[in-house]
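Overview (structure and organization)
Take a look at the letters that make up each chain.
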Amino acid sequence: PYTTLFRSDTESARYLAPDSDATGASGAYIKQTMGNTIFNVLEYGAVADGTTDDIDAVNAAIAAIPTTGNAPGGILYFPRGHYRLSGTLTLPDYVTVMGDGPTATRLDFQSQTSGSGITEAGASYFIIIKDILIQSTFSHGVELSQTSQSRFENVFIRYTGGDGIYTAGASYQITLENTDRGST
């Protein structure tokens, strides 16, 4: 049920043929899958009870996501629950933030005192946020200032002190599908 991403550059594909095929005619191009590992925030200590501050546990899960190598990125998974977060989540490239649906998984940034709820780590690619509710009363729900080829699917953003989704700088190719980015 999870979307698999592929790098679009030619360096991530390799032509492989069996050793028995001297001409290589029976080979195929194989692409490296990006971010196919699931990082469940509960396994890093998140409680998801709406009272406990889960920011340290979620940041530990983000820190575990590989940012280099043949398969950077991963799925930052928030199972059903209410996650109170007192700080910003800064996402690296090739990360999918995924919940169990906007009526089941809530990221609540209402207790934070600075920054947006979710942002990217510099110039980023392929950030996907799906099946989640985001609430942030201090600033923007999601702030993207240098991202491309990113997508929001089935995301509801509510009660923001700024824009639901704020884009600036060199952000482009951002797709919204079944997403409500209202601020009330």
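The residue numbering used here restarts from 1 in each chain and proceeds along that chain's sequence as written. At least 70 in pLDDT is required for a residue's local features to be given in this predicted model, at least 80 for side-chain atom pairs to be given and counted, and no such filter applies to totals for whole chains, interfaces and linings, which use all residues. No hydrogens and no water enter the side-chain calculation; it runs on all heavy atoms of the structure.

1. Some details on the overall build of the protein
Just so we agree on the cut-off: Helix numbering and strand numbering both begin at the N terminus, where a helix is a DSSP run of H or I of at least 4 residues and a strand a DSSP run of E of at least 2. Residue burial is assigned from relative accessible area. The probe radius is 1.4 Å, only protein chains are included, and a residue is buried under 20% of its type maximum, exposed over 50%, and partly exposed in between. Computed with the Shrake-Rupley method and a 1.4 Å probe, the accessible areas treat only the protein chains shown as cover for residues.
Within the protein, the secondary structure is distributed over 1 helix and 18 strands. By the burial criterion, 45% of the 184 residues in the protein qualify as buried. Entry remark: accessible area of the protein is about 9000 Å², with carbon and sulfur atoms responsible for 46%.

2. Here's the deal with the nonpolar core
Defined as follows: Here, the term nonpolar core denotes a set of buried Ala, Val, Leu, Ile, Met, Phe, Trp, Tyr and Cys residues that are joined through side-chain atoms within 4.5 Å. Any two residues having at least one pair of non-hydrogen atoms within 4.5 Å are treated as being in contact.
Membership of the largest hydrophobic core comes to 31 residues, with the highest contact counts inside it found for L76, F78, L89, L107, I118, I129 and I134. For this core, the secondary-structure elements that each account for two or more residues are α1 (55–64), β9 (89–91), β10 (95–98), β14 (128–135), β15 (142–144) and β16 (147–158). Examining the composition of this core, we find that 5 residues originate from one element, α1, more than from any other. Residues contacting L107, with those up to four places away along its chain left out, are F78, Y83, L85, L89, I118, I132, L133, I134 and Q135.

3. A word on unusual backbone geometry
Residue Y94 is not a glycine yet carries a positive backbone phi of 60 degrees. Mapped onto the elements of the fold, Y94 is located in the loop between β9 and β10. The class for Y94 is buried, based on a relative accessible area of 9%. A positive phi angle, near 60 degrees, is found at D131, a position not held by glycine. Within the secondary structure, D131 is located in strand β14.

4. Considerations on the packing of aromatic side chains
Formally: The criterion for an aromatic pair is that two Phe, Tyr or Trp rings (for Trp, the six-membered ring) have centres within 6.5 Å, with stacked assigned to planes under 30 degrees apart, edge-to-face to planes over 60 apart and tilted to the rest.
Under the defined criterion, the tally for this structure stands at 1 aromatic pair. Geometrically, the ring pair formed by F78 and Y83 is edge-to-face, given 5.0 Å between the ring centres and 80 degrees between the ring planes. Residue classification places F78 among the buried positions, given a relative accessible area of 0%.

5. Remarks on the pattern of salt bridges
Our working rule: Salt bridges are defined as contacts in which a side-chain nitrogen from Lys or Arg sits within 4 Å of a carboxyl oxygen from Asp or Glu.
Within the structure shown, the criterion is met by 1 salt bridge. Close ionic contact of K130 with E153 constitutes a salt bridge, the shortest N to O distance being 3.5 Å. On the criterion of sequence distance, the pair formed by K130 in strand β14 and E153 in strand β16 is long-range, its members being 23 residues apart. Grouping residues by exposure puts K130 and E153 together as buried.

6. Structural notes on the confidence of the model for the protein
Cut-off, in case you're wondering: Think of pLDDT as the predictor's per-residue confidence, scored from 0 to 100.
Across the protein, the average pLDDT comes to 76, with 66% of residues at 70 or higher. Low pLDDT, under 50, characterises residues 1–14; the stretch is placed with 34 contacts to residues that sit more than four places away or in other chains.

7. Considerations on α1
Defined as follows: Working definition: the arc comes from the directions between the helix axis and the C-beta atoms, pointing outward to the latter.
All of the buried residues in α1 are I55, A57, V58, A61 and I62. The buried residues of α1 occupy an angular sector of 165 degrees when the element is viewed end-on, so they sit on one face. Every exposed residue of α1 that faces more than 90 degrees away from the buried side is listed here: D56 and A63. Here the buried face of α1 lies against β5 (38–40), β6 (49–53), β7 (74–77), β8 (81–84) and β9.

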